[in-house]
Amino acid sequence: MVEDIVIVGGGTAGWMTATYLKASFGDRLTVTLVESKAVSTIGVGEATFSTVRNFFRRLGLSEPEWMPRCHASYKLAIRFENWRAKGHHFYHPFERPRIVDGLPLADWWLHDGPSDRFDRDCSVLAALCDAKRSPRHLDGGLFEEVFETGEARDMARAIPEGHGTQFPYAYYFDATLLAQFLSEYGVERGVRHIQDDVLDVRLDDDGSISDVLTKDHGAIRGDLFVDCTGFRGLLLNKALGVPFVSYQESLPNDSAVALRVPVDVATHGMRPCTTATAQDAGWIWTIPLLDRIGTGYVYSSAYTTPEEAERTLRAFVGPEASDLSANHIKMRIGRSAESWVKNCVAIGLSSGFVEPLESTGIFFIQNAVEQLVKRFPGTWDDESLRRSYNRQVGDVMDGVREFLFLHYYAAARSDNAYWRDAKTRPMPDGLAERIEQWRTTLPDENSVFPRFHGFEPYSYTAMILGLGGLPVRPLPALGRLDATAARDEFQRVRAQASALIDRLPGQYEYLVHQAAGF
Ligand code: FAD
């Protein structure tokens, strides 16, 4: 029976895995986590996906219990600046367009929208981001009850059917504080925590891992080993020799430089969204936390140098950046050919990573631990469990690669080689046909990447309409349908957004209130 789990790595992946396994299986498993004091964690990874709340819920943690400890804040959307043209911005919100007379409001907007701002005309979250509002009232209540009632269905984790509700936010947190918080949670529930360096990974005759040899604690044996060693892939890639499949051909950004910038949030307020600002060789993220801003330039080393990228980032941040030290990171873009081989499962950066444009790294981790629990082995007889696990996690990453590819391909911007080349790179299989279809029919369930990857058709629509580089046409049938209900709906969106801005507190005000215990 598989009972003793050894996790190597104590970054976000290691601790999310340890705590989720404990929360799911309790004392029916032993979990040991080994992490090096000498090898630091990646030090970035602060923005998440709206499904992440299911992770905290499985751990039985409410927002007031964990958010203040991790300096967490809310994320309602991603704001894309300069992707279409310099000075232009739009939002990709966690909000599906409403349905009017059987068609998404996006279709009606394309036919006869009230303005040239799809995001503002079809979504209330765009306005809340502009106004720096919290999605919760000061009494803790969510701004729309309908989202709370939709939660049970979202727990099922499949793409929700139809166009019901999309939970309206995710979180930002300080990754170091989260790892600390989760390590306390895990150790209290029996996770054995060893701080030591793994020097060697030793294999049995059949090629599975027998133990990891540590510097001060000797050999640590286990039935199942989880490789959370980040881009090193110490167990899966190095010891077991599982090849890494690069996505570099379609996603060329392979480097990043990051800064942690202290800001006076009380004065400036906090926009509840990531800002992704397009640059000459990539884009800069700006993420608001309770006491600072996380920012970084994700770029392709084929188009700029680390020195130039750091200069660009410092100029972007301004004088606040002058005394701060920058963290340069080389990124491995792609995925392990298989994430679970023999008795070793890679989770986190060792399994795979695409650039952080849609904040999917932690989503990949959460998806992987959920799938691992679902397909947890009884003994080692069942190869089909491993196969279906590998297929599912591979599909998720391949699907996200395709969605990110579209961000560059469909961006109207083409003012230098970096942005022009984005239009001619080799496309992932099947995408060319899908794009052709989207020119006449906006993305729907039948035309996006067909397997679960976290993004629904509405996200593709939001990006295509915001990026502006892919010509799309309204459905001819709309010219023959009565548009009165759609016009009413556009007005309703506007009225609801302005009422919410009046009623909701600022995000900073809310978070201070939450930290004080309401
Ligand atoms: P790491 O943080 O690298 O941890 C590796 C662990 O392995 C460490 O504890 C280390 O000590 C240990 N280790 C290594 N070697 C040994 C050894 N020999 N012995 C013992 N221990 C060892 N994701 C998001 O969801 N949202 C984002 O906004 C986001 N932004 C990102 C920005 C950038 C530039 C990058 C590169 C990534 C970003 N990610 C983001 C991804 C996210 O950072 C990672 O998915 C997440 O931090 C998990 O990392 P990890 O735990 O796999 O690896």
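The structure we're discussing is the one just above.
A. Region of interest: the sheet that holds strand 14 (residues 244-246). Reading across the sheet, the three strands line up as 14-20-23 and stay open at both edges, with antiparallel pairing between neighbours. Two strands lie at the open edges of the sheet, namely strand 14 and strand 23 (352-353), each paired on one side alone. Pairing of strand 20 (residues 334-336) with strand 23 involves two bridges; the strand directions are antiparallel. Pairing of R335 across the sheet is with G352, part of strand 23.

B. Quick look at the nonpolar core. I5, W66, W83 and I347 are the most contacted members of the largest nonpolar core, which has 152 residues in total. The leading source of residues in this core is helix 13 (residues 383-409), at 11 residues. If we skip the residues at most four places from it in the chain, W66 touches F56, L61, A72, Y171, F173, L178 and F181.

C. Representation of unusual backbone geometry. Positioned with a positive phi, K132 is a non-glycine residue whose angle comes to about 55°. Inspection of the secondary structure assignment puts K132 in the loop between helix 6 (125-130) and helix 7 (145-154). If you check the backbone angles, S359 has positive phi at about 50° while not being a glycine. Residue placement: S359 occurs in the loop between strand 23 and helix 12 (361-374).

D. Geometry of the environment of E355. You can see E355 is positioned in the loop between strand 23 and helix 12. As for E355 and I293, which are separated by 62 residues in sequence, their C-alpha atoms are 19 Å apart. Among the polar contacts listed, one links the side chain of E355 to the side chain of N253, at a separation of 3.0 Å.

E. Representation of the pairing of strand 15 (residues 255-262). Within strand 15, six of the eight residues are buried, which leaves it mostly tucked inside the rest of the structure. As paired strands, strand 15 and strand 18 (residues 292-299) are joined by eight bridges and run antiparallel to one another. The residue bridging V257 from the neighbouring strand is Y297, located in strand 18. By the bridge criterion, four bridges tie strand 15 to strand 19 (residues 327-330) in an arrangement that is antiparallel. By the bridge assignment for strand 19, A258 is matched with N327.

F. Structural context of helix 11 (residues 306-317). Here helix 11 is 12 residues long and its end C-alpha atoms lie 16 Å apart, about the 16 Å a rise of 1.5 Å per residue gives. Among the residues of helix 11, A309, L313 and V317 are the ones counted as buried. Projected down its long axis, helix 11 shows its buried positions confined to an angular sector of 70°, all on one face. In this structure, helix 11 carries R311 and A315 as exposed residues pointing more than 90 degrees from its buried face. Where helix 11 is buried, its residues meet strand 15, strand 17 (282-288) and strand 18.

Conventions we followed
Residues numbered from 1 in each chain as written. Predicted model: local features only at pLDDT ≥ 70, side-chain atom pairs only at ≥ 80, totals over all residues. Heavy atoms only, no water. Pairing = 2+ DSSP bridges. Helix = DSSP H or I, 4+ residues; strand = E, 2+ residues; numbered from the N terminus. Core = buried A, V, L, I, M, F, W, Y, C linked by side-chain atoms within 4.5 Å. Buried < 20%, exposed > 50% of the residue type's maximum accessible area, 1.4 Å probe, protein only. Contact = heavy atoms within 4.5 Å. Polar contact = N/O pair within 3.5 Å; in protein donor to acceptor, adjacent residues only side chain to side chain. Expected span 1.5 Å × (residues − 1). Arc of directions from axis to C-beta.

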